[in-house]
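Structural features, examined
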Amino acid sequence: VPFYWICSDKNYYENIGVHNRGNAGESIASKLLMRVFPKEQIFNNVVVKHNKDVKAEIDVLALNGNVAFVFQVKSKRLSLNSYKGDKESIASDYEKAIGKAYFQACLSEKEMKNSENIVLTSTGESLDIQSVNEVIKIGVTLDFFPAVESITRRCLDESAEFISLSIFDLDMICRYVNDIEDFKKYFRERTKKRMLFYAPNEAAYFGYYLK
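Residues numbered from 1 in each chain as written. Predicted model: local features only at pLDDT ≥ 70, side-chain atom pairs only at ≥ 80, totals over all residues. Heavy atoms only, no water.

Taken N-terminus to C-terminus, the directions of helix α6 (residues 167–176) and helix α8 (residues 202–210) make an angle of 15°; their axes are 10 Å apart at the nearest point. Relative to α8, the element α6 is oriented roughly parallel. Relative to α8, the crossing made by α6 is right-handed. Only E202, A203 and F206 of α8 make contact with α6, whose side of the interface consists of D169, M172, I173 and Y176. Residues belonging to the contact of α6 with α8 are distributed by class as follows: five nonpolar, no polar and two charged. (Axes fitted to C-alpha atoms, helices over the stretch in contact; angles between N-to-C directions. Helix = DSSP H or I, 4+ residues; strand = E, 2+ residues; numbered from the N terminus. Parallel < 35°, antiparallel > 145°, perpendicular 65-115°, else oblique. Left-handed = near helix turned anticlockwise from the far one by under 90°. Contact = heavy atoms within 4.5 Å. Nonpolar A, V, L, I, M, F, W, Y, C, P; charged D, E, K, R; others polar.)

Okay, structure coming up:
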């Protein structure tokens, strides 16, 4: 597998490769979202500041009217021990990929709704977020995490309005839903009512929605 070939060169991967992988994930997510949102509504590497202090970071932000989509993109892969069913490895991988994304998304929401804070893109452009009154929080992994839905339901309580899906799931959704209002409706239903329905994967949820 190419990933493991790259990892075998520790000097390259730890200093360059791991950053390239993360940057590529954010770039791919942005391009997928451009099927739904106008290019000017999508921003990468967004930071929320207050008095020059960085309070939160958002990997990909899509702004449409008073609704903000916060996508936290994680490049963490399942370790070999997790594939073999080791519970401790699975818990560790989950926390680094999905748990971390949830924490960052919640922090971003809190800081964005603080009118004293400013939001800047990677280019230094200031964004007007004062009208934002709804934040939809989504985690995106670059690899498919088996049983991610079961683990998320167990680790996050009913109040957590957050879902995690793979970049492949996002590709699927953005391919079939090109209307912004339909896109909002799907993710509102998924995040706000995540504990009312259960399916083994995002494709099953999405298929039910389309039907």
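What follows continues from the structure just given.
Turning our eyes to something else, we now look at the sheet that holds strand β1 (residues 42–50). The mixed open sheet is built from seven strands, whose spatial order is β5-β4-β1-β2-β3-β6-β7. Two strands close off the open sheet at either side, each with one partner strand: β5 (126–127) and β7 (162–166). Of the pairings in the sheet, the one linking strand β6 (residues 134–141) to β7 comprises five bridges and is parallel in character. When the bridges of β7 are listed, T141 appears paired with S166. (Pairing = 2+ DSSP bridges.)

Between helix α7 (residues 180–192) and α8, the least distance of the axes is 11 Å, while the angle of their chain directions is 120°. Considering their axes alone, α7 and α8 lie oblique with respect to each other. Taken as a pair, α7 and α8 cross one another with a handedness that is right-handed. On α8, the residues touching D182, K185, Y186 and R190 of α7 are E202, Y205, F206 and Y209. Counted by class, the contact of α7 with α8 contains four nonpolar, no polar and four charged residues.

With that settled, consider the packing of aromatic side chains. Tallied over the entire structure, the rule returns 13 aromatic pairs. Relative to Y209, the ring of F206 lies with its centre 6.5 Å away and its plane at 20°, an arrangement referred to as stacked. Of this pair, F206 and Y209 are both found in helix α8, three residues apart, which corresponds to roughly one turn of the helix. Here the aromatic residues F37, F69, F71, Y176, F183, Y186, F187, F206 and Y209 are joined through ring pairs into a cluster of three or more. (Phe/Tyr/Trp six-rings, centres within 6.5 Å; stacked < 30°, edge-to-face > 60°.)

Within the sequence span of α8, burial applies to E202, Y205 and F206. The arc enclosing the buried residues of α8, seen along the axis, measures out at 95°, which places them on a common side. Summarising the contacts, the buried residues of α8 are in contact with α5 (148–155), β7, α6 and α7. The backbone nitrogen of A203 has a side-chain oxygen 3.3 Å away, supplied by the residue at the start of α8, namely N201. (Buried < 20%, exposed > 50% of the residue type's maximum accessible area, 1.4 Å probe, protein only. Arc of directions from axis to C-beta. Polar contact = N/O pair within 3.5 Å; in protein donor to acceptor, adjacent residues only side chain to side chain.)

Moving on to the pattern of salt bridges. Summed over all chains, the structure comprises nine salt bridges. D171 serves as the salt-bridge partner of R175, at 3.4 Å between the closest nitrogen and oxygen. Taken as a pair, R175 and D171 lie in helix α6 at a separation of four residues, close to a single helical turn. The closest approach of N and O atoms between E202 and R190, which form a salt bridge, is 2.9 Å. (Salt bridge = Lys/Arg side-chain N within 4 Å of Asp/Glu carboxyl O.)

Here the focus is the nonpolar core. Buried together is how nonpolar side chains tend to be arranged in soluble globular proteins. Within the largest apolar cluster, 30 residues are counted, with the highest numbers of intra-cluster contacts made by F69, F183 and F187. At the level of secondary structure, the elements contributing two or more residues to this core comprise α2 (10–33), β2 (53–64), β3 (67–74), β6, β7, α6, α7 and α8. Residues in contact with F69, not counting those within four places in the same chain, are F37, V60, L61, A62, I136, I138, F183, K184 and F187. The next biggest cluster of nonpolar side chains, apart from the first, holds 26 residues, and it includes V46, A97, V135 and I151. (Core = buried A, V, L, I, M, F, W, Y, C linked by side-chain atoms within 4.5 Å.)

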